[in-house]
Amino acid sequence: MKLSMVANHARWPRENDIIFNLSERAQSAEKKFGKDEVINATIGALMDDDGKLITMKTVYDELKSLPNAEISAYASIAGQDDYKEAVKKVCFQGNDPEGYMRVVASPGGSGAIKLAMWNYTNPGDVILTSDWYWSPYGTIGEEAGRSVANYRLFNEQGKFNIESFKEKFKDIIDKQGNIFTIINSPGHNPTGYSVSDSEWDEILDFAKDVAKDESKKIVLFIDVAYIDFVKNDVESRKFFKKFGNLPANILTIVGFSMSKGFTAYGMRMGAAIGISSSEDIIEEFYFSLMHSCRANWSNCNRGAMAILSSLVSDKEKYDEYKNEKDKYKDMLVKRAEAFVEGAKDANLEILPYRDGFFVSIPCENPRQVCEELTKENIYLVPLKMGLRFAVCAVSEEKCSKAPKIIKEVLDRI
Ligand SMILES: Cc1ncc(COP(=O)(O)O)c(C=O)c1O
């Protein structure tokens, strides 16, 4: 047998990240054929029409104006106090749920997922999320000996499949006594679906019903990584109010990220926000998560925290940031509309898109289809059940013409 030095739990298939791999191939194609000839829809970041990364001026001017010590010094383990307050302000924007709340800083939204999953599931537990899902949920779980089970995200009408959600939820909680479920909304990655307010009511009514059995423990992890790129900033936040006054055996954790909303992907800043009707449960949340911070990464990026605190504390600066962000949001909305329209015209089936960076196309053999598409100079990401097209990274013009080409390729294989 081949020598292996890593511990048993650390043996994984030797695979490079397929997204980065395809993105590199797209970049080589751009060099060979010219940028106009290539559609690179693999990247999960906002790119301008020339394919360059968008970085918000208001954010980076703020970073560059910080005193060195404000970037260099260690931060508090659970995050700077003013940052924790700023997170609540930008995340809820006045729609704070009633109850007790505490914030723990994390390296990006990924860090918040890691903190929550580790502290609210037991080894061997099954985590519930939808069948279309961001694959790092599985990776983060797997690393810690947890696995993922899925419900069907959509019903026949293309709405949230509450029946499938309930069935899987019951299965898991009956076996485990506890459940940790991740809902990524609004602007779900990879489909762009957003759970509507009435669908949230159905989810929460059901959870409250299950919670009548006080031996059951329910954790709802709400991943809002894309919330700043939803069409209506105000409407999209009203659902937060619904997490107030829930029974103490339902804990809500909101996963906040600065990556998209502040074009701060590489600065690695986010937070887990715990919400409970019980003060004791929320103190427990804070200290358990803080212990994990110390055990994993110690403290987070102090400069990135200072950017958020500073923008939020100065109305003029914050308004300026919002104007800048909204300009990019409008650009994103136009691109997504162009893709959805293009798909309609070309008769290409796509999943119900509402908001966010991505649109998904259901299909058989996604890897083969992706490979075939590269021959047409279109680069997409293959998922288990289809393809992901990043409208965030592709010009409106290309978003409009891509569906027809995708449809032709699908029809010929
Ligand atoms: C669904 C989802 N959740 C969370 C994140 C968090 O990202 P980060 O760790 O960069 O903040 C992402 C980023 O791609 C995402 O797509």
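All chains use their own residue numbering, which begins from 1 and follows the written sequence. Confidence filtering applies because this is a predicted model: local features only for residues at pLDDT of at least 70, side-chain atom pairs given and counted only at 80 or more, and all residues used for totals across whole chains, interfaces and linings. Hydrogen atoms and water are omitted, and side-chain values are computed over all heavy atoms in the structure.

Quick notes on a negative patch on the surface
Negative charge collects at one region of the surface, where Glu163, Glu167, Asp171, Glu202 and Asp205 lie side by side. Secondary structure elements are defined from DSSP: runs of H or I of at least 4 residues count as helices, runs of E of at least 2 residues count as strands, and each element is numbered from the N terminus. The leading source of residues in the negative patch is helix α7 (residues 162-176), at three residues. Along the chain, the position of Asp205 falls in helix α8 (residues 197-210). To sort residues, take the accessible area from a 1.4 Å probe on protein chains only and compare it with the maximum for the residue type: under 20% means buried, over 50% means exposed, and anything in between is partly exposed. For Asp205, a relative accessible area of 48% corresponds to the partly exposed category. Exposure above 30% relative accessible area and the absence of a salt bridge qualify a residue for a patch, where like charges join within 9 Å and nonpolar side chains (Val, Leu, Ile, Met, Phe, Trp, Tyr) within 5 Å. Methods summary: accessible areas were calculated by the Shrake-Rupley approach with a probe of 1.4 Å, and residue burial reflects only the protein chains presented. Note on definitions: salt bridges are taken to be side-chain nitrogens of Lys or Arg within 4 Å of carboxyl oxygens of Asp or Glu. For the purpose of counting charges, residues Lys and Arg are taken to be positive, whereas Asp and Glu are taken to be negative. His and the chain ends are not included. By convention, the charge on Lys lies at NZ, on Arg at CZ, on Asp at CG and on Glu at CD.

Remarks on the packing of aromatic side chains
Aromatic rings from Phe, Tyr and Trp, taking only the six-membered ring of Trp, are treated as a pair when their centres fall within 6.5 Å; an angle between ring planes under 30 degrees marks them as stacked, one over 60 as edge-to-face, and anything in between as tilted. Inspection of every chain in the model, using the stated rule, returns 23 aromatic pairs. Centroid distance Phe165 to Phe206: 6.2 Å. Interplanar angle 70°. Geometry classified as edge-to-face. Of the two residues, Phe165 sits in helix α7 while Phe206 sits in helix α8, which places them 41 residues apart along the sequence. Here Phe165 and Phe206 have matching classes, each one buried. Among the aromatic residues, those joined into a cluster by ring pairs are Phe92, Trp200, Phe239, Phe240 and Phe243. Lying across the ring of Tyr286, Arg102 places its NZ or CZ 3.6 Å from the centre. In this scheme, Lys NZ or Arg CZ marks a charge over a ring once it lies within 6 Å of the ring centre and within 35 degrees of the ring normal.

A short note on the site of the ligand
In the vicinity of the ligand there are 14 residues, among which Gly109, Ser110, Asp223, Tyr226 and Ser257 approach most closely. We call two N or O atoms a polar contact when they sit within 3.5 Å, provided that within protein one can donate a hydrogen and the other can accept it, with sequence-adjacent residues counted only if both atoms are side-chain atoms. Contact between the ligand and Ser257: an oxygen atom at 2.6 Å from a side-chain N or O atom of the residue. A distance of 2.7 Å separates an oxygen atom of the ligand from a polar atom in the side chain of Ser259. Contact with the protein chains hides 91% of the accessible area of the ligand, taken as 390 Å² for the molecule alone. A per-element tally of the shell around the ligand places helix α5 (residues 108-120) first, with three residues. Split by residue class, the shell around the ligand holds four nonpolar, seven polar and three charged. Think of it this way: one heavy atom of a residue within 4 Å of a molecule or strand is enough to make that residue near it. Amino acids are sorted into nonpolar (Ala, Val, Leu, Ile, Met, Phe, Trp, Tyr, Cys and Pro), charged (Asp, Glu, Lys and Arg) and polar (every other residue, Gly among them).

What to know about the pattern of salt bridges
Side chains that differ in charge, positive against negative, can pair when their charged atoms come close. Considering all chains together, one arrives at 28 salt bridges under this definition. Of the charged contacts in the structure, one is a salt bridge between Asp201 and Lys242, with a shortest N-O distance of 2.8 Å. You can see Asp201 sitting in helix α8 and its partner Lys242 sitting in the loop between β6 (217-223) and β7 (250-257), a full 41 residues away along the chain. Judged by relative accessible area, Lys242 falls into the partly exposed class, the value being 23%. Here Glu408 and Lys404 are joined by a salt bridge, their closest N and O atoms 3.4 Å apart.

With respect to the sheet that holds strand β12 (residues 386-390)
Two strands are counted as paired when DSSP detects at least two bridges linking them. Here we have three strands laid out as an open sheet, ordered β9-β12-β11, and antiparallel in their pairing. Each of the sheet's edge strands pairs with one partner strand only, and the pair in question is β9 (358-362) and β11 (381-382). Of the strand pairs in this sheet, β11 and β12 are connected by two bridges, and their pairing is antiparallel. Bridged to Val381 within β12 is Arg388. Its contacts with the sheet put helix α12 (residues 366-374) on β11 and β12, and the angle it makes with β12 is roughly 45°. Two residues qualify as a contact provided that any one of their heavy atoms is within 4.5 Å of a heavy atom in the partner residue. Inter-axis angles, ranging from 0 to 180 degrees, are taken between N-to-C directions of lines fitted to C-alpha atoms, where helices are fitted over the stretch in contact.

Observations regarding the packing of α5 against helix α9 (residues 279-296)
To describe two helices that pack against each other, one gives the angle between their axes and the distance between the axes. Closest axis-to-axis distance for the α5/α9 pair is 10 Å, and the angle between their directions is 115°. Where α5 crosses over α9, the handedness of that crossing is right-handed. For the pair formed by α5 and α9, the contact residues are Lys114, Leu115, Trp118, Asn119 and Tyr120 on the first element and Phe285, Ser288, Leu289, Ser292, Cys293 and Asn296 on the second. Partitioned by chemical class, the residues of the contact of α5 with α9 number six nonpolar, four polar and one charged. Crossing handedness is read from the near helix: turned anticlockwise from the far helix by less than a right angle, it gives a left-handed crossing, and turned clockwise, a right-handed one.

A closer look at the domain arrangement of the protein
When the parts of a complex come together, some accessible area is lost, and that lost area is often used as the size of the interface. Structurally, the protein comprises domain 1 (15-56 + 318-412) and domain 2 (75-313). Note: domain ranges come from an automatic or database domain assignment. Each of domain 1 and domain 2 was reduced to a C-alpha centroid, and the two centroids are 27 Å apart. Listed per partner, the contact involves 33 residues of domain 1 and 29 residues of domain 2. When two parts are put together, the accessible area they lose, computed with a 1.4 Å probe and summed over both, is reported as buried area. Carbon and sulfur atoms supply 59% of the area that domain 1 and domain 2 bury against each other, a total of about 2700 Å² over both sides. Three residues, Tyr318, Arg354 and Asp355, lead the burial of domain 1 against domain 2; their summed loss comes to 24% of the area buried on that side. At the boundary of domain 1 with domain 2, the tally comes to four salt bridges. The closest approach of N and O atoms between Lys329 and Asp233, which form a salt bridge, is 3.7 Å. Contributions of two or more residues to the side of domain 1 that touches domain 2 are made by α11 (315-346), β9 and β12. For the side of domain 1 that touches domain 2, the element with the most residues is α11, which contributes nine residues. The residue makeup of the side of domain 1 that touches domain 2, split by class, is 20 nonpolar, five polar and eight charged.

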